[in-house]
Amino acid sequence: MDGHQPAGSTAHGPWTVDTGMRHTGLRVLELAPGGSQSFATGEREAVVVPLTGSCSVRCGAESAELAGRPDVFAGVSDFAYVPRRSDAVVSSAAGGRFAVASGTARRDLPFRRGPAEDVPVETRGTGSCRRQVNNLASADGFVCDRLIVVEVLTPDGNWSSYPPHKHDEHTADESELEEIYYFEIGRDGFGQHRLGGSPPGPAGETAEVRTGDVVLVPRGWHGPSAALPGYPMYYLNVMAGPHDERAWRITDDPAHAWVRDTWAAPATPSEEGAA
């Protein structure tokens, strides 16, 4: 699949992931106990998200302590916003894994911490389409210039990024956004992610995704992501685009858009018990 980057394929030095497109970027940092790493944002704003462990983020004379979490399935984490044209340092007493998501920016906003308790958490879908979305820096939440960063946790056996959709046109109904998916899969398992395939276009492609894998979506239809039975799925979504408006508007694949309408129905007892 074009855009599928297996774990380690973009690694160098302490960065296990170092990838991106014209408007979006993602780096994942592995720190040993007591380790630290500096980075420069250049013309991009950035959000630092602890995946495992806690860290301190320093930007100039300011710093933020991020309590973090044992792993991505354990709960919501604090995060830090780092403005464009900044030099920052991530350090961790106990070590861990930390994502640095970035997007092109034109405004200078302040460095600040996003507390875990302020992160809006929502449930989307019902039944086998139910998943949890942690809106770390969503378009209508935490203020960034253009960058959008959210987490999606899909219970094992469930489907997310569904119905398949796209956001590659700048219209009243759709936002033009690149998107990066970074995956972690529970119990060292694997899942599946699909790109393309909306009729009347060519058939889509499906990639097997494992912890540390990345899928780049510069344009076009994408989804669903499937969490295999026994293996819960996490992904970090990083989005940004060329326009000043910061919004997330999508067009559902017309062949499958009807599924979204079924979510308005009252949940059955089995659906209410789903994670």
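Per chain, residues are indexed from 1 in the order of the written sequence. Residue-level local features of this predicted model are given only where pLDDT is at least 70; pairs of side-chain atoms are given and counted only at 80 or more, and the full residue set underlies all totals for whole chains, interfaces and linings. Excluding hydrogens and water, the side-chain figures rest on all heavy atoms present in the structure.

1. Structural notes on the overall build of the protein
Each helix and strand in the protein was counted, giving 2 helices and 22 strands. Against the compact-globule benchmark of 19 Å for 275 residues, the protein has a radius of gyration of 18 Å, which places it among compact chains. Expressed along its principal axes, the backbone C-alpha trace of the protein runs to roughly 50 × 40 × 35 Å. Residue burial in the protein is summarised as follows: out of 275 residues, 53% are buried. Contacts in the protein between residues far apart in sequence, at least 24 positions, make up 75% of those at least 6 positions apart. Here the accessible surface of atoms and residues is derived via Shrake-Rupley with a 1.4 Å probe, and residues count as covered only by protein chains that are part of the display. As presented, the protein carries roughly 11700 Å² of accessible surface, and 51% of it is formed by carbon and sulfur atoms. Each helix is a run of H or I in the DSSP string that is no shorter than four residues. Each strand is a run of E no shorter than two, and both are numbered from the N terminus. In this description the radius of gyration comes from C-alpha coordinates, and the expected globular size is given by 2.2 Å times residues to the power 0.38. Per-residue accessibility, obtained with a 1.4 Å probe over protein chains only, is compared with the maximum for each type, and a residue is labelled buried under 20%, exposed over 50%, and partly exposed between these values. Contacts are residue-level and defined by heavy atoms, with any inter-residue pair within 4.5 Å sufficient.

2. Considerations on the pattern of salt bridges
When their charged atoms lie close together, side chains carrying opposite charge are able to pair. Think of a salt bridge as a Lys or Arg side-chain nitrogen and an Asp or Glu carboxyl oxygen that are within 4 Å of each other. Throughout the structure, instances matching the rule amount to 17 salt bridges. In this structure, arginine 84 engages aspartate 108 in a salt bridge whose closest nitrogen and oxygen atoms are separated by 2.7 Å. Of the two residues, arginine 84 sits in the loop between β7 (79–82) and β8 (87–92) while aspartate 108 sits in the loop between β9 (96–104) and β10 (112–114), which places them 24 residues apart along the sequence. Put simply, Glu43, Arg84, Arg85 and Asp108 are held in one network by salt bridges that share partners.

3. Section: the nonpolar core
Nonpolar cores were defined as sets of buried Ala, Val, Leu, Ile, Met, Phe, Trp, Tyr and Cys residues, with membership established by side-chain atoms within 4.5 Å. Leu26, Val47, Val149, Tyr182 and Leu236 are the most contacted members of the largest nonpolar core, which has 28 residues in total. Residue contacts for valine 47: discarding those within four places in its chain leaves Phe79, Ala80, Tyr81, Ala99, Val100, Ala101, Cys144, Leu147 and Val149. Membership of the second largest hydrophobic core comes to 18 residues, among which are Phe39, Ala46, Ala64 and Phe98.

4. Re the pairing of β8
Relative to β8, strand β4 (residues 35–40) runs antiparallel, the two being bridged by 6 bridges. Among the inter-strand pairings, glutamine 37 is bridged to a residue of β8, identified as valine 90. Both strand β5 (residues 44–59) and β8 contribute to a ladder of 4 bridges, which runs antiparallel. If you follow serine 56 over to β8, its bridge partner there is serine 91. The criterion for strand pairing is that DSSP finds at least two bridges linking the strands in question.

5. Digging into the sheet that holds strand β13 (residues 148–154)
Judged by pairing direction, the sheet is antiparallel, and its 7 strands sit side by side in the order β1-β19-β16-β21-β13-β12-β11 without closing on themselves. Looking at which strands have only one partner, the edges of the open sheet turn out to be β1 (4–5) and β11 (121–124).

6. Considering the environment of proline 163
With respect to the helices and strands, the residue proline 163 is situated in the loop between β14 (159–160) and β15 (165–166). Considered as a pair, proline 163 and arginine 146 are 17 residues apart in the sequence and their alpha carbons are 25 Å apart.

Bear in mind that shape data such as this cannot, by itself, settle questions of function.
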